[in-house]
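So the chains spell out like this:
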Amino acid sequence: MGKNFSVRKKALFFVVVAIMLLFTQACSTKSATSDEPGTEKETSKEGGTLTVVRLSDATQLDPHFITDIPSANILYQKVYETLVEPDENFEIQPNLAKEWKVINDTTWEFSLQEGVTFHDGTPFNAEAVKATFDRLLDPNVGSPQREKFAMINEVKIIDDYTIQLILDYPYAPLLSILASQEGSILNPKVIAENPESLAEHPVGTGPFVFEEWKSGQEISLTRNEEYWGDKPKIDRVVFKVVPEDATRLAMIETGEAHINDQVPVTELDRIEASDTLELYRTEGLAVEYVGFNVKSEPLEDVRVRRAISHAIEREAIIDGVYNNVGTLANSAMSPKVFGYSDKVKPYKYDLNEAKKLLKEAGYEDGLELTLLTSDRKERINMAEVIQSQLKGIGVNVDIQIMEYGAFIEMLNNGDHDMFISGWGNATGDGDYNQYNLFHSASIGPAGNSFYYSNSEVDKLIESARKETDGEKRKQIYEKVMQLEIDDAVYVPIRNYEHMAVHNKNVSGYWLNASNYLMIDDVVIK
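Residues numbered from 1 in each chain as written. Predicted model: local features only at pLDDT ≥ 70, side-chain atom pairs only at ≥ 80, totals over all residues. Heavy atoms only, no water.

Looking at the nonpolar core
One finds Phe-110, Phe-133 and Phe-438 to be the most contacted residues of the largest nonpolar core, which totals 69 residues. Setting aside residues up to four positions removed in sequence, Phe-110 forms contacts with Ala-97, Glu-99, Trp-100, Tyr-161, Thr-162, Ile-163, Leu-165, Leu-175 and Leu-178. Grouped together as the second largest cluster of nonpolar side chains are 45 residues, Val-290, Ile-308, Ala-354 and Val-491 included. (Core = buried A, V, L, I, M, F, W, Y, C linked by side-chain atoms within 4.5 Å. Buried < 20%, exposed > 50% of the residue type's maximum accessible area, 1.4 Å probe, protein only. Contact = heavy atoms within 4.5 Å.)

Describing the environment of Arg-376
By the element assignment, Arg-376 lies in the loop between β16 (367-374) and α10 (377-391). In sequence terms Arg-376 and Ser-215 are 161 residues apart; their C-alpha atoms lie 19 Å from each other. (Helix = DSSP H or I, 4+ residues; strand = E, 2+ residues; numbered from the N terminus.)

Regarding helix α5 (residues 245-254)
When α5 is considered as a whole, its buried residues turn out to be Asp-245, Arg-248, Leu-249, Met-251 and Ile-252. All buried residues of α5 fall inside an arc of 160 degrees around its axis, so they share one side. Just past α5, the residue Gly-255 takes up positive phi, approximately 90 degrees. (Arc of directions from axis to C-beta.)

Brief notes about the pattern of salt bridges
Counted under the stated rule, the structure contains 21 salt bridges. A salt bridge links Asp-134 to Lys-130, with the shortest nitrogen-to-oxygen separation between them at 3.2 Å. One end of the pair is Asp-134 and the other is Lys-130, both in helix α2 (residues 126-137) and four residues apart, which spans about a single turn. Judged by its relative accessible area of 25%, Lys-130 is partly exposed. Here Glu-211 ties to Arg-236 by a salt bridge, and the two come within 2.8 Å at their closest N and O atoms. (Salt bridge = Lys/Arg side-chain N within 4 Å of Asp/Glu carboxyl O.)

As for the environment of Phe-149
Position of Phe-149 relative to the elements: it lies in the loop between α2 and β8 (152-159). Expressed as a C-alpha distance, the spacing of Phe-149 and Met-410, which sit 261 residues apart in the sequence, is 25 Å.

Notes on the packing of helix α7 (residues 302-311) against helix α9 (residues 351-360)
Across the interface, α7 lies against α9 with an axial gap of 8 Å and an inter-helix angle of 160 degrees. With respect to each other, α7 and α9 are oriented roughly antiparallel. Classified by chirality, the crossing of α9 by α7 is left-handed. Together, Arg-303, Val-304, Arg-306, Ala-307, His-310 and Ala-311 of α7 and Leu-351, Glu-353, Ala-354, Leu-357, Leu-358 and Glu-360 of α9 make up the contact between the two elements. For the contact of α7 with α9, a count of residues per class yields seven nonpolar, one polar and four charged. (Axes fitted to C-alpha atoms, helices over the stretch in contact; angles between N-to-C directions. Parallel < 35°, antiparallel > 145°, perpendicular 65-115°, else oblique. Left-handed = near helix turned anticlockwise from the far one by under 90°. Nonpolar A, V, L, I, M, F, W, Y, C, P; charged D, E, K, R; others polar.)

Observations regarding the sheet that holds β8
An order of β6-β7-β9-β8 is seen for the four strands of this open sheet, with the pairing classed as antiparallel. At either margin of the open sheet sits one strand with a lone partner, and together these are β6 (97-104) and β8. Here the average twist between neighbouring strands, direction ignored, is 20 degrees. Bridging between β6 and strand β7 (residues 107-112) involves six bridges; their strand directions are antiparallel. The residue bridging Val-102 from the neighbouring strand is Trp-108, located in β7. Relative to β8, α2 is tilted by about 165 degrees, and along the sheet it contacts β7, β8 and β9 (162-167). (Pairing = 2+ DSSP bridges.)

Overview of a negative patch on the surface
Taken together, the side chains of Glu-114, Glu-127, Asp-159 and Asp-160 define an acidic patch exposed on the protein surface. Locating Glu-127 in the fold gives a position in helix α2. Assessed through its relative accessible area of 49%, Glu-127 is described here as partly exposed. (Patch = residues over 30% accessible without salt bridge, like charges linked within 9 Å, V, L, I, M, F, W, Y side chains within 5 Å. Areas by Shrake-Rupley, 256 points an atom, 1.4 Å probe, with all protein chains shown as cover. Lys, Arg positive; Asp, Glu negative; His and termini not counted. Charge placed at Lys NZ, Arg CZ, Asp CG, Glu CD.)

Here it is, written out as structure tokens:
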């Protein structure tokens, strides 16, 4: 399937915004869509219900409390919209903000779209933006996303359709974080009257209206007939929970379902042999890793973590578990993310060094650890490979396999030793990796499931946030990433390649680099 980005905006003028650009101005309204390369126009056959089958249910539907991409994927640019959004090349485009400008290093002004309403008829305006970020930044609300926007000191209303974001310090990737799902603009009426309802009943401005959540079964959305921009081509979308990999593929193959955006690499041969299945592949921003809870005994000893790092043969996992889908990672930052460096060096596979370190740490006779993973097939396979590899240095691993929601809950509570996870960068900027994964302010649900705290690392991450010189930021990230590797906080495994499989009667969707499924222009033949 050829990649396609449907241009939804009617350009009054078109501006390419680099993540690092501190002065940008753009303006647009929604536009007609472009046809996907290699497919026929299907304008006469619009409508119908799109069925997307998925491994797991959403954990919850409040953007201020969502901490996983599978849940965010239900809502992002579907039910909820953001002030700005990334296009297929991850360049920032207007959305609910039609233009913006930088007044000075710490003041950004946004002009908002007029005539937009939330799904319940509540007007979208400056008050909605202020209510959204005031809630997000309120420490009493307790959002795990709060630290991502900690640089915002005030949302200042200039008039009904103009707001200013007043920052505590210059923050280069502001537009990129505003474009992420965490920046979704919420309904001010719901925030004021019943904010708890947002966890199960989202009310946004987007092209789809939330219909129903049958817990453990499916979530359905319907087309927003009052949408302020171009309406989606389908009438409805259902995200259906189907835990079995083979069943999901069979449903796509028969046409009972249309898209599976969580494709196990073990099924590639079957997909390629099918007459009715097609595979979509694109490079991603995410990295998969084995993490350590550094507060869990005996992993609080860096020598134990280094020993395990030396004993994991990463190349064998890429080849044997992932069938060479994706590439070998050297850090927790993908090569596609700003701030990546190929000079960061992880620990080499060296069993003798691993045994030596364990002996120094007092574990010459071995030790027992648990390895937590979600119930994705590849991750279970990876856990088994790691279990086998670590047995070679006397580390006995008990694998804990959890349903995705329970897996997230255990990570958030610190109920783990080692774990297999990934971090899907939502912005394309290194700050999203570094601040959320490794800063001590992000310990727990915000992303730091390593429970890692290092004052030098904190200072470097904070200085990179405030540095406006792109090359200097890169140098800071290179230094801090090597420190994290030296502290053996995690073992980098794989740079993601995102995949989806679809029935050949479906066209017009795409996955962005953060692995969000974009469906506005889907056509079902």
